[in-house]
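Architecture at a glance
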Amino acid sequence: MSLGSNLGDSLHIVLCAWRRLSEKPSIGAGRLSSPYRTKPVGMVSDNQFINAAAVGWTSLEPEALLLHLQGIEHDFGRVRSTDQSGYQDRTLDLDLLLYDDLVLNLPLLVVPHPEMNHRLFVLQPLAEIAASLHHPVSGKTIMQQLENCLRKTDGESGIEKLTWPNYG
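Since we're looking at a predicted model, the values are computed, not measured.

**Comments concerning unusual backbone geometry**
The step from V111 to P112 runs through a cis peptide bond, and the omega angle for that step is 0°. Its location among the elements puts P112 in the loop between β7 (110-111) and α3 (120-130). Unlike most non-glycine residues, D100 shows phi in positive territory, near 50°. If you trace the backbone, D100 turns up in the loop between β5 (93-95) and β6 (104-105).

Below, the structure written as C-alpha cells:
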C-alpha cells in the first residue's frame, strides 16, 4: 500500500492513517517505511508530498479493502472532486498497490496498481520494506523495478528520506 498527503500536517496524517488501519480486526499492520518528502508528480502544486509504503495482511476482499481505505481517506478530510480532472492536492491518499499475486482489472480497482512501476515515490519507500517482493505481472522484484526507474532518471530521485516524529 502507498500512503501520501500534501495538505495539512502530512507527516502526522500519514502516520495516524497507518495506525487507523491496524484498528480494524481484519487488517494486520505489518511494516511501515520511513516517510519520504517528494515533489508532486502529474500535477501542479506548491505543496510537497509526504509518501510512505506499508505491507500487512487482510482477510478483506480487494474491493472491501478499497472501500475501507476510501473511508479512512474521507475521515481525514479527503475530498474527491468530480468537476476537476487530473490529480489534486489531498489530505490523504491510500493506494492499494499489490494484493498477494492477484491481478485484477475492475472499473474502480486495478491491482497491481498500474502506475507503481513508474513512480519513484512509491518504489523507494516500498523497496525499503519489501525489496524482494515480486510484481505479479512483470515478475521483477520491487528493488529491480526501483533500479530500472532510477536509471531512467539518471539516478536522481528528487526524494528526501525523513524520519517519523515522535507523536507519543
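**Re the side chain of E73**
Along the chain, E73 falls in helix α2 (residues 62-75). Not counting chain neighbours up to four residues away, the residues in contact with E73 comprise R78, R80, L92, D93 and L94.

**Here's the deal with the pairing of strand β4 (residues 49-58)**
Across 4 bridges, the pairing between strand β1 (residues 2-5) and β4 is antiparallel. In the strand pairing of β4, S2 is matched with A53. By the bridge criterion, 5 bridges tie strand β2 (residues 27-32) to β4 in an arrangement that is antiparallel. Bridge pairing in β4 links A29 to G56. Pairing between strand β3 (residues 36-38) and β4: 3 bridges, direction antiparallel. Bridging across to β4, R37 finds its partner in I50.

Rules used throughout
Residues numbered from 1 in each chain as written. Predicted model: local features only at pLDDT ≥ 70, side-chain atom pairs only at ≥ 80, totals over all residues. Heavy atoms only, no water. Helix = DSSP H or I, 4+ residues; strand = E, 2+ residues; numbered from the N terminus. Contact = heavy atoms within 4.5 Å. Pairing = 2+ DSSP bridges.

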